[in-house]
Amino acid sequence: LLCKIISSGDRNKDEGLDFSEFSKYLKEHEKKLQLTFKSLDKNKDGRIDITEIRQSLADLGLEISKEHAEKILQSIDVDGTMTVDWNEWREHFLFNPATNLQEIVRYWKHSTVLDIGDSLTIPDEFTEEEKTTGLWWKQLSAGAVAGAVSRTGTAPLDRMKVFMQVHASTTNKISLVSGFKQMLKEGGVASLWRGNGINVMKIAPETAIKFMAYEQYKKLLSSEPGKVKSHERFMAGSLAGATAQTAIYPMEVMKTRMTLRKTGQYSGMFDCAKKVLKNEGVKAFYKGYIPNILGIIPYAGIDLAVYESLKNFWLSHYAKDTANPGVLVLLGCGTISSTCGQLASYPLALIRTRMQAQASVEGSEQLPMNLMVKKIMKKEGFFGLYRGILPNFMKVIPAVSISYVVYEYMRSGLGIQK
């Protein structure tokens, strides 16, 4: 906290605060706090009550219950009146570098920084201030680099997942050990990273398209200008995800083909694209598109619902003096919610991968989605739709850990204040 106050008030960058800098910091900070207090005090009676807190948070896209609003109020309210006057507000936040409500809400913002290899999450929410100061592109860049490092670190497990999704069956039981042995024998250690290049390359265009589409869909869907309700935000996020997936889907197909390729099959990405185009035509680049788009709703919906439930549980049972849950709780909530989302949409992801790989697997029939589901259910039963789930879950914790650590380093490198 002390470091944050010093960095906020240190004008001459000598890593210390003299009296004039400190008093200037207090004056400026108090001014910002006063503006926030006035914006919260909707009825201009000089006091903030529960209704005003809930309304202000709802305007920022964070719906909270009456109980949670009471908890927030109690943590600031000194005289027990269940309202907060200017003095109480100032005393509480004067030595906290958070200057506005957005920063206080940001603790619990469900960030997509945790890259677990799937791209179906709802995009990050940026405040107007972040958009005008250009902080948004720094955050997106930091997230993209974190995703690239995380995907590269967990690429062998990702390749194993795709390998099992396509080749494993009741007759051909591929375990983790036998699968890795097979890969190493066929192509050596480097073969474990097949398909990783294009998997990393698609992060940047997908992030950019998703972000731009999300902003446009929010404007289109919001019932009141400048205010976006939770369900509108979810719809806008899902549509933005679908738009981004549609635009970069040929890269998804190429990623599957490159991941499953045998030694010498393709000399590189362009050779792969050329051969697919020549042998199967343009439509091959959109194989498995329907199950992929259908997977967005269960993934994003369950991810969001589980995250909100875990957040509310923590706030109800463990939030004593602060709404800041700390890194471990946030990472835990994000990991569990993403994993639940994956679990729900996994059968659709498996069907998508098999459809993308169809022509590259010798002797496989070119089946549409519904017939492929029937075939898998008939031959392998319900759990046939969950082939490869073990390596998929095994990569979640390392992927989350790597992406978080790299993201934090990138934030400090790009000068983004925490």
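To start, this report covers the structure provided alongside it. Quick caveat, the model's predicted, so the values are computed rather than measured.

1. Thoughts on the overall build of the protein
Working step 1: If you tally the helices and strands in the protein, you get 20 helices and two strands.
Working step 2: Within the span of the protein, comprising 418 residues, buried residues form 46% of the whole.
Working step 3: Here the contacts in the protein between residues at least 6 apart in sequence split such that 71% fall between residues at least 24 apart.
Working step 4: Of the roughly 21100 Å² of accessible surface on the protein, a fraction of 64% belongs to carbon and sulfur atoms.

2. Remarks on the environment of Phe-383
Working step 1: Inspection of the secondary structure puts Phe-383 in the loop between helix 18 (369-380) and helix 19 (389-394).
Working step 2: A relative accessible area of 65% places Phe-383 in the exposed class.
Working step 3: Sequence separation of Phe-383 and Pro-347 is 36 residues, and the distance between their C-alpha atoms is 9.2 Å.

3. Concerning the environment of Thr-36
Working step 1: By secondary structure assignment, the location of Thr-36 is in helix 2 (residues 19-40).
Working step 2: Once the C-alpha coordinates of Thr-36 and Trp-89 are considered, the two residues, 53 residues apart in sequence, prove to be 9.8 Å apart.

4. Considerations on helix 4 (residues 66-76)
Working step 1: Regarding helix 4, the residues found buried are His-68, Ala-69, Leu-73 and Ile-76. Along helix 4, the residues classed as buried sweep out an arc of 140° about the axis, all on the same side.

5. A word on the nonpolar core
Working step 1: Counting 15 residues, the largest nonpolar core has Ile-48, Ile-53, Val-84 and Trp-89 as the members making the most contacts within it.
Working step 2: Elements supplying a minimum of two residues to this core: helix 2, helix 3 (50-59), helix 4 and helix 5 (86-93).
Working step 3: When sequence neighbours within four positions are dropped, the list of residues in contact with Ile-53 reads Ile-48, Ala-69, Ile-72 and Leu-73.
Working step 4: Counting twelve residues, the second largest nonpolar core, distinct from the first, contains Met-164, Ile-174, Met-183 and Ala-357.

6. Quick look at a nonpolar patch on the surface
Working step 1: Together, Leu-184, Val-189 and Trp-193 make up an exposed nonpolar region whose accessible area comes to about 280 Å².
Working step 2: Mapped onto the fold, Val-189 is located in the loop between helix 10 (176-187) and helix 11 (196-201).

7. A closer look at the pattern of salt bridges
When the charged atoms of two side chains with opposite charge come close together, those side chains can pair.
Working step 1: Per the stated rule, a full pass over the model turns up 14 salt bridges.
Working step 2: The closest approach of N and O atoms between Lys-275 and Asp-271, which form a salt bridge, is 3.3 Å. Taken together, the residues Lys-275 and Asp-271, both in helix 14 (residues 269-280) and four residues apart, mark about one turn of the helix.
Working step 3: Exposure remark for Asp-271: the relative accessible area of 15% places this residue in the buried category.
Working step 4: One continuous salt-bridge network, built from bridges that share partners, spans Asp-158, Lys-161, Lys-255 and Lys-395.

8. Describing the environment of Ile-248
Working step 1: Considering the arrangement of structural elements, one finds Ile-248 in helix 13 (residues 230-260).
Working step 2: The exposure class assigned to Ile-248 is buried, which follows from its relative accessible area of 4%.
Working step 3: With 46 residues separating them along the chain, Ile-248 and Lys-202 place their C-alpha atoms 7.1 Å apart.

9. Topic: the packing of aromatic side chains
Working step 1: Going through the model one piece at a time under the given rule, you end up with seven aromatic pairs.
Working step 2: A ring pair is formed by Phe-382 and Phe-383, whose centres lie 5.6 Å apart and whose planes are at 75°; its orientation type is edge-to-face.
Working step 3: Taking the centre distance of 5.6 Å and the plane angle of 50° together, the rings of Phe-382 and Tyr-386 count as tilted.
Working step 4: Judged by its relative accessible area of 46%, Phe-382 is partly exposed.
Working step 5: Feature note: the residues Tyr-346, Phe-382, Phe-383 and Tyr-386 constitute an aromatic cluster, connected by ring pairs.

10. Quick look at the packing of helix 13 against helix 17 (residues 327-357)
Working step 1: At a minimum axis separation of 9 Å, helix 13 and helix 17 run at an interaxial angle of 75°. What the angle tells us is that helix 13 and helix 17 run roughly perpendicular. Together, Tyr-249, Glu-252, Val-253, Thr-256, Arg-257 and Leu-260 of helix 13 and Arg-352, Thr-353, Gln-356 and Ala-357 of helix 17 make up the contact between the two elements.
Working step 2: Residues that form the contact of helix 13 with helix 17 fall into these classes: four nonpolar, three polar and three charged.

11. Some thoughts on the side chain of Asn-292
Working step 1: Relative to the elements of secondary structure, Asn-292 occurs in helix 15 (residues 289-294).
Working step 2: We classify Asn-292 as buried; its relative accessible area is 3%.
Working step 3: Look past the residues within four positions of Asn-292 in its chain and what remains in contact with it is Gln-245, Tyr-249 and Arg-352.

12. Quick word on helix 14
Working step 1: In a regular helix each residue adds 1.5 Å, so twelve residues correspond to 16 Å; helix 14 covers 16 Å between its end C-alpha atoms and thus fits that length.
Working step 2: Looking only at helix 14, the buried set comprises Asp-271, Cys-272 and Val-276. Axial view of helix 14: buried residues confined to an arc of 130°, hence all on one face. Within helix 14, the exposed residues directed more than 90 degrees away from the buried face are Phe-270, Lys-274 and Lys-278.
Working step 3: Against the buried residues of helix 14 lie helix 13.

About the thresholds
- Residue positions are given per chain, counting from 1 as you read along its sequence in written order.
- Only residues with pLDDT of at least 70 are given local features in this predicted model, and only at 80 or more are side-chain atom pairs given and counted; all residues enter the totals for whole chains, interfaces and linings.
- Excluding hydrogens and water, the side-chain values take into account all heavy atoms of the structure.
- We count a stretch as a helix when DSSP gives it H or I for four or more residues in a row; a strand needs E for two or more, and each element gets its number in order from the N terminus.
- The buried label goes to any residue with under 20% of its type's maximum accessible area, the exposed label to any with over 50%, and the partly exposed label to all in between, with areas taken from a 1.4 Å probe on protein chains only.
- Only heavy atoms matter for contacts: two residues are in contact if any of them lie within 4.5 Å across the pair.
- Residue burial considers only the protein chains on display, and all accessible areas are found by Shrake-Rupley using a 1.4 Å probe.
- The directions from the helix axis to the C-beta atoms form the arc being described.
- The set of buried Ala, Val, Leu, Ile, Met, Phe, Trp, Tyr and Cys residues whose side-chain atoms join them within 4.5 Å is what this entry labels a nonpolar core.
- Only residues above 30% relative accessible area that lack a salt bridge enter a patch, with like-charged residues linked at up to 9 Å and the nonpolar side chains Val, Leu, Ile, Met, Phe, Trp and Tyr linked at up to 5 Å.
- By convention in these notes, a salt bridge is any Lys or Arg side-chain nitrogen within 4 Å of a carboxyl oxygen on Asp or Glu.
- The criterion for an aromatic pair is that two Phe, Tyr or Trp rings (for Trp, the six-membered ring) have centres within 6.5 Å, with stacked assigned to planes under 30 degrees apart, edge-to-face to planes over 60 apart and tilted to the rest.
- Between N-to-C directions, angles cover 0 to 180 degrees, with each direction set by a line fitted to C-alpha atoms, over the stretch in contact for helices.
- Orientation is classified from the angle alone, with under 35 degrees giving roughly parallel, over 145 giving roughly antiparallel, 65 to 115 giving roughly perpendicular, and any other angle giving oblique.
- Classes in brief: Ala, Val, Leu, Ile, Met, Phe, Trp, Tyr, Cys and Pro nonpolar; Asp, Glu, Lys and Arg charged; the others, Gly included, polar.
- Each helix should span, by expectation, one fewer than its residue count multiplied by 1.5 Å.

Worth remembering: the numbers are spatial, not functional.
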